[in-house]
Amino acid sequence: ATTALDYLGLSFALSAGVLWGLYLYFGKKVSGHVHGGMVTSIGMFFAALATIPFYMIDQKAALPTREVMPMLFAVAVLSSALPYSLEMISLKRISGRAYGILLSLAPAVAAISGFFFMREILSPMQWLAILFIVAASMGSTLKS
């Protein structure tokens, strides 16, 4: 059975690709002039400004308690602040092409992490896709 193309999903995917390209372009430009941590701080500040209104609209959202704050801090540092700071530092030192190649491994790393840490079962086709991603990244890196 065939399904119709989801134009809304397609527009979101294209928008994400364009925004990611802009992120790489401007990240590379800014990282040469400003410390990576500062760039990340500014980006996280604007991301918070963009998302806070949605949090405020949601009437079910509870304010964090004192017990939860250390976990929220750890999640913020480990999932956003530290990785993005390292990205800005690496963008200074490697080409945008090399960065893109290395970043293409992220879905494979996520799938393998899900397999080991969350016991997610991957189909043979998913393992094959991971193998192709890794092979393409290796081939592109060796060719550079």
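Residues numbered from 1 in each chain as written. Predicted model: local features only at pLDDT ≥ 70, side-chain atom pairs only at ≥ 80, totals over all residues. Heavy atoms only, no water.

Caption draft 1: Just helix α3 (residues 69-93), in detail. Its 25 residues place the ends of α3 35 Å apart at the C-alpha level, agreeing with the 36 Å of an ideal helix rising 1.5 Å per residue. In the structure, α3 departs most strongly from a straight axis at Val 77, where the bend amounts to approximately 40°. What α3 keeps buried is the set Ser 80, Ser 85, Glu 87, Met 88 and Leu 91. (Helix = DSSP H or I, 4+ residues; strand = E, 2+ residues; numbered from the N terminus. Expected span 1.5 Å × (residues − 1). Bend = angle between axes of the 7 residues up to and from the residue. Buried < 20%, exposed > 50% of the residue type's maximum accessible area, 1.4 Å probe, protein only.)

Caption draft 2: How the structure looks around the packing of aromatic side chains. Tallied over the full model, the rule gives three aromatic pairs. Ring geometry for Phe 45 against Phe 46: centres 5.4 Å apart, planes inclined by 75°, an arrangement best described as edge-to-face. By relative accessible area, Phe 45 is classed as partly exposed at 48%. Taking the relative accessible area as the measure of exposure, Phe 46 reaches 52% and is therefore exposed. Measuring from ring centre to ring centre gives 5.1 Å for Phe 115 and Phe 116, while their planes differ by 80°; the resulting arrangement is edge-to-face. Taken together, the ring pairs in this structure connect Phe 115, Phe 116 and Trp 127 into an aromatic cluster. (Phe/Tyr/Trp six-rings, centres within 6.5 Å; stacked < 30°, edge-to-face > 60°.)

Caption draft 3: View of the side chain of Ser 137. Mapped onto the elements of the fold, Ser 137 is located in helix α6 (residues 124-143). Filtering out sequence-adjacent residues up to four positions away, Ser 137 remains in contact with Ile 101, Ser 104 and Leu 105. (Contact = heavy atoms within 4.5 Å.)

Caption draft 4: Local environment of the environment of Gly 43. With respect to the element layout, Gly 43 can be found in helix α2 (residues 36-57). A C-alpha to C-alpha distance of 9.2 Å links Gly 43 and Tyr 84, two positions 41 residues apart in sequence.

Caption draft 5: Examining the packing of helix α5 (residues 106-118) against α6 more closely. Contact pair α5 / α6: the axes reach a minimum separation of 10 Å and the direction vectors enclose 140°. Relative to α6, the element α5 lies oblique. Judged by the sense of rotation from one axis to the other, the crossing of α5 with α6 is left-handed. In this structure, α5 contributes Ala 108, Ala 111, Ile 112 and Phe 115 to the contact, and α6 contributes Trp 127, Ile 130, Ile 133 and Val 134. When its residues are assigned to classes, the contact of α5 with α6 shows eight nonpolar, no polar and no charged. (Axes fitted to C-alpha atoms, helices over the stretch in contact; angles between N-to-C directions. Parallel < 35°, antiparallel > 145°, perpendicular 65-115°, else oblique. Left-handed = near helix turned anticlockwise from the far one by under 90°. Nonpolar A, V, L, I, M, F, W, Y, C, P; charged D, E, K, R; others polar.)

Caption draft 6: Examining unusual backbone geometry more closely. Its identity is not glycine, yet Arg 119 carries a phi of approximately 60°, on the positive side. When you line up the elements, Arg 119 lands in the loop between α5 and α6. Note on Arg 119: relative accessible area 65%, which makes it exposed.

Caption draft 7: View of α5. Given a rise of 1.5 Å per residue, 13 residues ought to cover 18 Å, and the 17 Å separating the end C-alpha atoms of α5 matches this to within 8%. For α5, the set of buried residues is Ala 108, Ala 111 and Gly 114. The buried residues of α5 occupy an angular sector of 125° when projected down its axis, which confines them to one face. Along α5, exposed side chains directed more than 90 degrees from the buried face belong to Phe 116 and Phe 117. (Arc of directions from axis to C-beta.)

Keep in mind that these numbers describe shape and distance, not what the molecule does.
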